[in-house]
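So you can see what is in the structure, the chains are spelled out below.
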Amino acid sequence: MPSLLFITLLCIGLYLPGIVTLPPTDRDESRFSQASRQMIETGDYVRIKFQEEPRHKKPVGIHWLQAASVKAFGSDIINHIWLYRIPSFLGGLFTSLFVFIFGRRLFDPSTALLAAVLTACSLLLVTEAHLATTDALLLASVVAAQGSLALIYIHPRSVADAGYLLPAIFWMSLGFAVLLKGPIVPVICFLTIIALSLADRRFSWLQSLRPLPGLILLTLIICPWSIAIYNATGGTYFSQAVGEDLLPKLFSGVESHGGIPGYFLLLMLITFWPGSIYTGLALIHAWSKRHEPVTRFCLAWLIPTWILFELIPTKLPHYILPTYPALALITANALFALQNGQINWHRFWPRRLAMLLWSLTSVGSAILVLLLPWSMEKRIDAISVAVAFLALLMLYPTLRLTQRNQVIASIGTACLGALLVLGPTLQWVLPGINALWLSRGAANIIEAHTISSGFQSVPLVAVGYQEPSLVFMTQTTIKLTSADAAADFLRDRGASIAIIDSISDEAFRQATNLRQLRTQLIGGVHGYHYTKGRWTSLRLYSTASNN
């Protein structure tokens, strides 16, 4: 119980800062949350849409949970992003708790606790727990499915004692995962099962999964919505989800998200930070213990899935997240083995290289936090300075304890540093850089002008800058169009507002002059359009003065 409380408090400290203050990000988070918002607005909880465009890419699970979160808090204002982030926060929390609950049955309570801490503090999970997307919740379902599968594999008597409990957890987790992100988790479990069965040269243990009742349970979970969406879309949802989203990612880099094999391995220094300092040692130790059932299971979870994602041409940093609990478990196990003198850290030849790379990553992150306000807005931020100082301050004791072979204390210090650095960065530093949040700036100008003009709301149109966050922060009915169409829109709607980016501004003014349409500049926003990788300015025009 104290361990569960400790993990919960740690997750609150890591995941709650920034969940309210951080504006909606582009593009996936805003697309997910806007589609959920439209479900609430329309009352249609079957079809998934972004404005009028069907969103036939991911299943409905995350949208139901986000809509339930909004309903649970009873908010009349449904474009507050934190309402849609609550499921991801819970996903990060449940992931860490599940790592401990299953880990203590597989290893021991101390190893399980350290693995849960490493999982919770990993930079990638901290990031995903702040975003209204599927991945934090998906990871919780991965751990639930793989944890129950591990107990079935390693402790067959537990299955007999528990009856149908563990198989039910396995199949229910798969069903939940399919409703979140399709076949990803079933593929991970399938690869784990195949790797274990081939290594052991036996498949008989799979009978403990209760395949027939399990498949019936899985079908009962996923079929109701599958049938409903098939009827609602005439089958186009499945043809587009598979043919236009899933299959292209398997054979080519989609939307400029390609990468060479080894991409995730290189990125792990950052995404698994702070635990990445010991990853090399952990993998070597785990391989030497691969004949032990628990370690073999973790390797069967980790290696085939990792290889699969390295081979798939489309690569995004979060794709590899489902393997991190396994990596955390074998890292924690290796650290206790090292602490107890069972392995010799000094004989691990890349030790100094690992420490150097980890140090460079930590120092680079501190410099980034320090310089970001200056590079974006030419200002020195006191909180950024404090955060960078804390990051560098925690670096020395971590490395010093590592050199002294006090590895548990060193990783604890590193995780404390992560808590002290990530919290303020997400709560104050990033939200405070206005240049990063063009949509927030535009939405604030629109709100102020609408209130001062005595309107409750006015029609909106946007040209050039058409990010999903702008839709989410303003109104579902905002028109995303061309300069000529925007001028027609303003002429026909009367009191309305146009958001025009700098590239489209001249064409828009020419279009309004051609139509003899009088507009008034009500404000502007200048910032970094990070999805395009360039600086831009937005100008907001109103036609309210014409009426």
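Above this text is the structure in question.
Not measured: the values here are computed from a predicted model.

1. Considering the overall build of the protein chain
Then, in step 1: A count of helical and extended segments in the protein chain gives 23 helices and seven strands.
Then, in step 2: In terms of overall dimensions, the protein chain has C-alpha extents of about 80 × 55 × 40 Å along its principal axes.
Then, in step 3: Within the protein chain, the proportion of its 547 residues that are buried is 53%.
Then, in step 4: Split by element, the accessible area of the protein chain, about 23800 Å² in all, is 64% carbon and sulfur.
Then, in step 5: Positive and negative charge centroids in the protein chain, built from 39 and 28 side chains respectively, lie 9 Å apart.

2. Some words on the packing of helix H5 (residues 109–121) against helix H19 (residues 407–429)
Then, in step 1: The geometry of H5 relative to H19 is characterised by a closest axis approach of 10 Å and an angle of 30 degrees between their N-to-C directions. The orientation of H5 with respect to H19, classified from their angle, is roughly parallel. Two packed elements cross with a definite hand, and for H5 against H19 that hand is left-handed. Seen from H5, the contacting residues are Leu-114, Val-117, Leu-118 and Cys-121; seen from H19, they are Ile-408, Ile-411, Cys-415 and Leu-422.

3. What to know about the pattern of salt bridges
Then, in step 1: Applying the stated rule across the entire model yields 14 salt bridges.
Then, in step 2: Across the pair Glu-467 and Arg-27 runs a salt bridge whose closest N-O atoms are separated by 2.8 Å. In this pair, Glu-467 is assigned in the loop between strand S3 (460–463) and helix H21 (468–473) and Arg-27 in the loop between helix H1 (2–15) and helix H2 (28–42), connecting sequence segments 440 residues apart.
Then, in step 3: Ionic pairing is found between Asp-44 and Arg-47, a salt bridge with its closest N-O pair at 2.8 Å.
Then, in step 4: Connected via shared salt-bridge partners are Asp-484, Asp-488, Arg-491, Asp-492 and Arg-515.

4. Section: the packing of aromatic side chains
Then, in step 1: Per the counting criterion, the structure on display carries 18 aromatic pairs.
Then, in step 2: The interplanar angle of 70 degrees and the centroid separation of 5.1 Å between the aromatic rings of Tyr-153 and Trp-205 together place this pair among those described as edge-to-face. One end of the pair, Tyr-153, is in helix H7 (residues 135–154); the other, Trp-205, is in the loop between helix H10 (184–200) and helix H11 (211–233), and 52 residues separate them in sequence.
Then, in step 3: Exposure remark for Trp-205: the relative accessible area of 5% places this residue in the buried category.
Then, in step 4: Pairing Tyr-528 with Trp-535 gives two aromatic rings, centres 5.5 Å apart and planes at 65 degrees, and the pair type is edge-to-face.
Then, in step 5: Looking at Tyr-528, the relative accessible area reads 23%, which means it is partly exposed.
Then, in step 6: For Trp-535, a relative accessible area of 38% gives the class partly exposed.
Then, in step 7: Within the aromatic cluster, the residues linked to one another by ring pairs are Tyr-153, Trp-205, Phe-297 and Trp-301.
Then, in step 8: Taking the ring centre of Phe-32 as reference, the NZ or CZ of Arg-55 above it sits at 4.9 Å.
Then, in step 9: Here the guanidinium or amino end of Arg-210 rests over the ring plane of Tyr-164, the centre of that ring lying 4.5 Å away.

5. Quick look at the environment of Thr-481
Then, in step 1: Of note, Thr-481 is situated in strand S4 (residues 479–481).
Then, in step 2: Spatially, the C-alpha atoms of Thr-481 and Ala-462 are 6.3 Å apart, while their sequence positions differ by 19 residues.
Then, in step 3: In this structure Thr-481 touches Val-461, Ala-462, Val-463, Gly-464, Gln-466 and Ala-486, once residues within four positions along its chain are discounted.

6. Some remarks on the sheet that holds strand S5 (residues 497–501)
Then, in step 1: The strand order across the open sheet built from five strands is S4-S3-S5-S7-S6, with neighbouring strands paired in mixed fashion. The strands lining the two open edges of the sheet, one partner per strand, are S4 and strand S6 (520–529). Shown here is a sheet whose adjacent strand axes are inclined to one another by a mean of 20 degrees, direction ignored.
Then, in step 2: As paired strands, S3 and S5 are joined by four bridges and run parallel to one another. When the bridges of S5 are listed, Val-463 appears paired with Ile-500.
Then, in step 3: Contacting S3, S5, S6 and strand S7 (534–542), helix H20 (residues 438–452) runs over the sheet at an angle of about 165 degrees to S6.

So, how was this worked out
Residues numbered from 1 in each chain as written. Predicted model: local features only at pLDDT ≥ 70, side-chain atom pairs only at ≥ 80, totals over all residues. Heavy atoms only, no water. Helix = DSSP H or I, 4+ residues; strand = E, 2+ residues; numbered from the N terminus. Buried < 20%, exposed > 50% of the residue type's maximum accessible area, 1.4 Å probe, protein only. Areas by Shrake-Rupley, 256 points an atom, 1.4 Å probe, with all protein chains shown as cover. Lys, Arg positive; Asp, Glu negative; His and termini not counted. Charge placed at Lys NZ, Arg CZ, Asp CG, Glu CD. Axes fitted to C-alpha atoms, helices over the stretch in contact; angles between N-to-C directions. Parallel < 35°, antiparallel > 145°, perpendicular 65-115°, else oblique. Left-handed = near helix turned anticlockwise from the far one by under 90°. Contact = heavy atoms within 4.5 Å. Salt bridge = Lys/Arg side-chain N within 4 Å of Asp/Glu carboxyl O. Phe/Tyr/Trp six-rings, centres within 6.5 Å; stacked < 30°, edge-to-face > 60°. Lys NZ or Arg CZ within 6 Å of the ring centre and 35° of its normal. Pairing = 2+ DSSP bridges.

These values are about where atoms sit, not about what they do.
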